[in-house]
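# Report on the structure
Spelled out from the first residue to the last, the chains are:
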Amino acid sequence: QVQLVESGGGLVQAGGSLRLSCAASGRTFSSYAMGWFRQAPGKEREFVATISMNGGSTYYADSVKGRFTISRDNAKNTVYLQMNSLKPEDTAVYYCAARFGVTSSSYASYNYWGQGTQVTVSS
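The rules behind these values
- Residues numbered from 1 in each chain as written.
- Predicted model: local features only at pLDDT ≥ 70, side-chain atom pairs only at ≥ 80, totals over all residues.
- Heavy atoms only, no water.
- Salt bridge = Lys/Arg side-chain N within 4 Å of Asp/Glu carboxyl O.
- Helix = DSSP H or I, 4+ residues; strand = E, 2+ residues; numbered from the N terminus.
- Buried < 20%, exposed > 50% of the residue type's maximum accessible area, 1.4 Å probe, protein only.
- Phe/Tyr/Trp six-rings, centres within 6.5 Å; stacked < 30°, edge-to-face > 60°.
- Lys NZ or Arg CZ within 6 Å of the ring centre and 35° of its normal.

## Regarding the pattern of salt bridges
Taken as a whole and judged by the stated rule, the model has 4 salt bridges. Here Arg67 ties to Asp90 by a salt bridge, and the two come within 2.8 Å at their closest N and O atoms. Residue Arg67 is located in the loop between strand S6 (58–60) and strand S7 (68–73), and its partner Asp90 is located in the loop between strand S8 (78–83) and strand S9 (92–100); the two are separated by 23 residues in the primary sequence. Comparing Arg67 with Asp90, the two get one shared label, buried.

See the structure below:
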């Protein structure tokens, strides 16, 4: 069992930056690939980024490529999402998620989810 707690969301102006953190419980954090997803009002949850168990591989949605960076610190059981050059269309609740095995962009393949953190980008 893994429990995930996100933090770092907030209100920021367009062009600004935020860093999200997701702290995981348990001793097997390094056994999980991690992902970030987001959900805007009235829209489906969408993939943002994912990182492999050892942090060696990362993948991004085209909409955030070059602006967002996912990273992890297995010693701290934490995964991060650095978000730069934020746009109003990035406004959403951001969720971190964990899954056994390799990275995936499919939210249905993730086993554990955090409660989400709100990110609002004003124009």
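Next comes the rest of the account.
## A look at the packing of aromatic side chains
Geometry of an aromatic ring pair is reported as the spacing of the ring centres plus the angle between the planes. Taken as a whole and assessed by the stated rule, the structure comprises 7 aromatic pairs. Ring geometry for Phe37 and Trp113: centres 5.1 Å apart, planes at 55 degrees, overall tilted. Of the two residues, Phe37 is situated in strand S4 (residues 32–39) and Trp113 in strand S10 (residues 112–113); the sequence distance between them amounts to 76 residues. Each ring, one from Tyr95 and one from Trp113, has its centre 6.4 Å from the other, and the planes form 80 degrees; the classification is edge-to-face. On the criterion of sequence distance, the pair formed by Tyr95 in strand S9 and Trp113 in strand S10 is long-range, its members being 18 residues apart. An aromatic cluster is defined as three or more aromatic residues linked by ring pairs; in this entry it consists of Phe37, Phe47, Tyr95, Tyr110 and Trp113. The cationic tip of Arg19 hangs over the ring face of Tyr80; the distance from NZ or CZ to the ring centre is 4.0 Å. In this arrangement the basic side chain of Arg45 is found over the ring face of Tyr95, its NZ or CZ atom lying 3.9 Å from the centre.

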